[in-house]
Amino acid sequence: MLFHPQTYRIPDRPNVPFIDPLEIEEILCVTRDPSIERVREVVGKSLSRQRLSLAETAVLLNADTPEARNLILESARQLKQAVYGNRIVLFAPLYIGTRCINQCSYCGFRANNRTAVRHTLTHSEIQSETEALEDAGHKRLILVYGEHPRYDARYIAQTVKWVYEVKKGHGEIRRININAAPLDITGFRTVRQSRIGTYQIFQETYHPEAYRKYHPAGPKRDYDYRLTAFDRAMQAGIDDVGLGALLGLYDWRFEVMALVRHVNHLEACFKVGPHTISFPRIKTASQVRLPLEHLVDDEDFIRLVAILRLAVPYTGLILTARERAALRDRLIEYGVSQIDGGTKLEIGGYCSDKPGQNIHKEQFELNDKRPLAEIIETLVSQRRIPSFCTACYRKGRTGEHFMEFSVNGFIKRYCTPNGLLTFSEYLEDYAAPDLRSKGWRLIESELKGLSQTDIPLATELSKRLELIRLGERDLLW
Ligand code: SAM
Ligand code: SF4
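Residues numbered from 1 in each chain as written. Chains lettered and ligands numbered in written order. Predicted model: local features only at pLDDT ≥ 70, side-chain atom pairs only at ≥ 80, totals over all residues. Heavy atoms only, no water.

Asker: Quick question: what am I supposed to make of the site of ligand 1 here?
Answerer: Around ligand 1 lies a shell of 19 residues, among which Tyr106, Glu204, Lys220, Arg226 and Gln363 are the nearest. In this structure, a nitrogen atom belonging to ligand 1 sits 3.1 Å away from a main-chain N or O atom of tyrosine 145. Within the side chain of lysine 220, a nitrogen or oxygen atom sits 2.8 Å from an oxygen atom of ligand 1. When the free accessible area of ligand 1 is taken as 570 Å², the share hidden by the protein chains comes to 96%. Using a 2 Å cut-off from the grid points, one finds that ligand 1 occupies the largest cavity. Looking at the shell around ligand 1 residue by residue, the classes come out as nine nonpolar, three polar and seven charged. (Near = heavy atom within 4 Å. Polar contact = N/O pair within 3.5 Å; in protein donor to acceptor, adjacent residues only side chain to side chain. Areas by Shrake-Rupley, 256 points an atom, 1.4 Å probe, with all protein chains shown as cover. 1 Å grid on protein atoms, 1.4 Å probe; cavity = no way out; pocket = protein on both sides within 12 Å on 5 of 7 lines; lining within 4 Å. Sits in = over half its atoms within 2 Å of the grid points. Nonpolar A, V, L, I, M, F, W, Y, C, P; charged D, E, K, R; others polar.)

Asker: Looking at this structure, how should I read the site of ligand 2?
Answerer: Neighbouring ligand 2 are the residues Cys100, Asn102, Cys104, Cys107, Phe109, Arg110, Gly146, Lys220 and Gln363. When atoms are counted within 2 Å of each cavity's grid points, the one that captures over half of ligand 2 is the largest cavity. Here the residues of the shell around ligand 2 are counted per class, giving four nonpolar, three polar and two charged.

Asker: I'm lost on the pattern of salt bridges in this one. Help?
Answerer: Two side chains carrying opposite charge are able to pair once their charged atoms lie near each other. Scanning the entire structure with this criterion turns up 39 salt bridges. Residues aspartate 64 and arginine 69 are paired through a salt bridge, measuring 2.6 Å at the closest nitrogen-oxygen approach. For arginine 69, a relative accessible area of 17% translates into the label buried. A salt bridge links arginine 328 to aspartate 368, with the shortest nitrogen-to-oxygen separation between them at 3.0 Å. One end of the pair, arginine 328, is in helix H13 (residues 325-334); the other, aspartate 368, is in the loop between strand E10 (338-340) and helix H14 (372-381), and 40 residues separate them in sequence. The pair formed by arginine 328 and aspartate 368 is uniform in burial state, with each residue classed as buried. One network of salt bridges, in which partners are shared, links Lys167, Glu172, Arg174, Arg394, Glu425 and Asp474. (Salt bridge = Lys/Arg side-chain N within 4 Å of Asp/Glu carboxyl O. Buried < 20%, exposed > 50% of the residue type's maximum accessible area, 1.4 Å probe, protein only. Helix = DSSP H or I, 4+ residues; strand = E, 2+ residues; numbered from the N terminus.)

Asker: Can you walk me through helix H17 (residues 410-430) in this structure?
Answerer: Residues spaced three or four apart along an α-helix point in a common direction, a consequence of the helix completing one turn every 3.6 residues. Along its 21 residues, H17 runs 29 Å from first to last C-alpha, staying within 8% of the 30 Å computed at 1.5 Å per residue. Counting buried positions along H17 yields 15 of 21 residues, so the element is predominantly enclosed. (Expected span 1.5 Å × (residues − 1).)

Asker: For this particular structure, what's the right way to read the nonpolar core?
Answerer: Formed by 150 residues in total, the largest nonpolar core has its most connected members in Leu143, Tyr145, Ile178, Tyr199, Tyr206 and Phe279. Leaving out residues up to four positions away in the same chain, isoleucine 178 has contacts with Ile142, Leu143, Tyr145, Ile156, Val160, Val191, Ile196, Thr198, Tyr199 and Gln200. (Core = buried A, V, L, I, M, F, W, Y, C linked by side-chain atoms within 4.5 Å. Contact = heavy atoms within 4.5 Å.)

Asker: I would appreciate a short explanation of the side chain of glutamate 147 in the present structure.
Answerer: Its location among the elements puts glutamate 147 in the loop between strand E2 (140-145) and helix H6 (153-165). The side chain of glutamate 147 is buried and forms no salt bridge, while arginine 226, the nearest opposite charge, is found at 4.9 Å. Within polar-contact distance, the side chain of glutamate 147 engages the side chain of asparagine 102 at 2.8 Å. Once residues within four sequence positions are removed from consideration, glutamate 147 is found in contact with Arg99, Cys100, Ile101, Asn102, Ala181, Pro219 and Lys220. (Lys, Arg positive; Asp, Glu negative; His and termini not counted.)

Asker: Would you mind showing me how to read empty space enclosed by the protein here?
Answerer: A water-sized probe, rolled over the atoms, reveals where empty space remains. Counting across every chain of the model gives four cavities of 30 Å³ or more. By volume, the largest cavity is sized at about 760 Å³. In terms of lining residues, the largest cavity is bounded by 47 residues, among which Val144, Asn179, Phe202, Arg322 and Gln363 are the most central. Secondary-structure elements contributing two or more residues to the lining of the largest cavity are strand E1 (87-97), E2, strand E5 (175-179), strand E8 (276-278) and E10. The greatest single-element share of the lining of the largest cavity, amounting to five residues, is contributed by E2. (Points joined across faces, edges and corners; volume = space filled by probe spheres on them.)

Asker: Mind showing me how you'd approach unusual backbone geometry here?
Answerer: Peptide bonds are, in most cases, trans, and in most cases residues other than glycine have a negative phi. The phi dihedral of arginine 195 falls on the positive side, at around 70 degrees, and the residue is not glycine. Locating arginine 195 in the fold gives a position in the loop between helix H7 (185-193) and strand E6 (199-200). Here glutamate 204, not a glycine, exhibits a phi torsion of approximately 70 degrees, which is positive. Tracing the sequence through the fold places glutamate 204 in the loop between E6 and helix H8 (208-214).

Asker: So what exactly am I meant to see when it comes to the environment of lysine 220 here?
Answerer: Along the chain, the position of lysine 220 falls in the loop between H8 and helix H9 (223-227). A C-alpha to C-alpha distance of 8.0 Å links lysine 220 and alanine 181, two positions 39 residues apart in sequence. Excluding residues within four positions of it along the chain, lysine 220 makes contact with Asn102, Cys104, Tyr106, Glu147, Glu204, Tyr211, His215 and Arg226.

Asker: What is the right way to look at the packing of H6 against H7 in this model?
Answerer: Between two packed helices, what matters for the description is the angle formed by their axes and the separation of those axes. Running from amino to carboxyl end, H6 crosses H7 at an angle of 10 degrees, the nearest separation of the two axes being 8 Å. Between H6 and H7, the interaxial angle falls into the category roughly parallel. Each of Ala153, Arg154, Ile156 and Ala157 in H6 lies in contact with H7, whose residues at this interface are Gly187, Thr190 and Val191. Along the lines of polarity and charge, the residues of the contact of H6 with H7 split into four nonpolar, two polar and one charged. (Axes fitted to C-alpha atoms, helices over the stretch in contact; angles between N-to-C directions. Parallel < 35°, antiparallel > 145°, perpendicular 65-115°, else oblique.)

Asker: It is not clear to me how the packing of aromatic side chains should be interpreted in this structure. Could you clarify?
Answerer: Two aromatic rings are characterised by how far apart their centres lie and by the angle between their planes. Inspection of every chain in the model, using the stated rule, returns eleven aromatic pairs. For the ring pair tyrosine 95 and phenylalanine 109, a centre distance of 6.0 Å and an interplane angle of 75 degrees mean the geometry is edge-to-face. With tyrosine 95 in strand E1 and phenylalanine 109 in the loop between E1 and helix H5 (123-136), this residue pair connects regions lying 14 residues apart in the sequence. Each member of the pair, tyrosine 95 as well as phenylalanine 109, carries the same accessibility label: buried. Members of the aromatic cluster, connected to one another through ring pairs, are Tyr145, Tyr151 and Tyr155. For the cation-ring pair, arginine 261 lies above tyrosine 8, with the distance from its terminal atom to the ring centre recorded as 3.7 Å. (Phe/Tyr/Trp six-rings, centres within 6.5 Å; stacked < 30°, edge-to-face > 60°. Lys NZ or Arg CZ within 6 Å of the ring centre and 35° of its normal.)

Asker: What am I meant to see in the pairing of E5 here?
Answerer: For a regular strand, side-chain orientation follows a simple rule: the groups alternate between the two sheet faces. Counting buried residues along E5, five of its five residues qualify, which places the element largely inside the surrounding structure. Here E5 shows no split at all, with Arg175, Asn177 and Asn179 on one side and Ile176 and Ile178 on the other all buried. One ladder, built from five bridges, connects E2 with E5; its direction is parallel. Looking at the pairing, valine 144 lines up with asparagine 179 of E5. As judged from the two bridges shared by E5 and E6, these two strands associate in the parallel manner. Residue pairing across strands places asparagine 179 opposite glutamine 200, the latter belonging to E6. On the question of chirality, the crossover connecting E5 to the parallel E6 by way of H7 is right-handed. (Pairing = 2+ DSSP bridges. Right-handed = clockwise from strand over helix to strand, strands pointing away.)

Written as structure tokens, this is what we have:
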């Protein structure tokens, strides 16, 4: 059993806010200056595939000597490689509407930013944007919405349906996640029926006082309603959720503790943890003066990813194109399992051939502007498998990261073969000749490795890969 219920001052009950800032700060305080032996003990627990408690997470956050920092990084790298192997899942965000009635002081879309370009994609614009994304090779999207009465649950469900309907050549979107303002249970039910994958929403900062400072007006000012959004989503039958904190608003150690606390809350109330955690760092945006006090530098950011990997080993970690290419490549080593590729934040940007960016049309600035093909080229040169897999979600296997982590042989049986199959589809349908041959060489060598441990699986996979070369698609396990 991997879930260990823990006792907190505020007991976990659905729809009851559960963050106690004093408790988190006390735990961070009593675990200060841990010995290297204590750090070893804690990483040993992660490496034996157990999730860490809040106090153990705090030990890692407080481990500040060079030796302890190295130990944490190396252990995260080891865990990532041992558990997840060399796959990396690719997706793209699609901004549907930039209208917003909130005043988040860090965001270019906030209501009082008069320079922001406001637009909601029409049905035909959604079709063209989706076609452009399919033409690049994408199969997984996250649809992103401002908070506005126009973007209610029915509208969100409608746009999800429109995107699923778009098929171009071999192109289709097989999994749509959404990032949208919190809904009530009825709203979540409506959205669920449109077959979303993950419902994602970030608490931004889990510190209630800081939260109030950055959200001076609008419905988002209600910290508790946002904090309990996943409880309502779960009650509406959405058991696949993505947490996140926007780093730079408050102390990052506090945010990591609160993210782990949120994981505990969901496990305690619903017996299921989140599918993913995101940890975007705040970036320059139109008419935004960045708060400087809590900015997270690269070194701490790398530590933070490694600590999250060790603290919640069976949760997917998402890193977006907010970050530079070189840093993204490094962070994959320490635990990141999903990245976006070829991202355009400008609304309608996937169809536009205009080079460059217009900050007023975007929510914030992007730092990795490589097209998807270039990202894949880099991944292949690092012998990583780019995966567009959507199999678990479509086969009804929920809690896929949990299974990857805890079910012996799950990765070999499902994730690697499905990753290779979806990568081979990409190579056949969208890759330039040079990348296609490099990619197929990588697939052949993976297949050879597999045949040394599981001949029947390797034989079946090789058959399916041949069918893909012959034009069949979507041969998932
Ligand atoms: N409007 C919805 C909301 O606020 O939840 C959903 C989408 S919002 C467009 C997606 C996320 O972008 C926000 O939750 C926030 O964490 C992030 N974001 C906003 N401003 C940012 C900035 N300046 N730099 C980096 N990320 C930012
Ligand atoms: Fe609106 Fe979301 Fe931006 Fe806040 S973060 S201003 S809610 S789009």
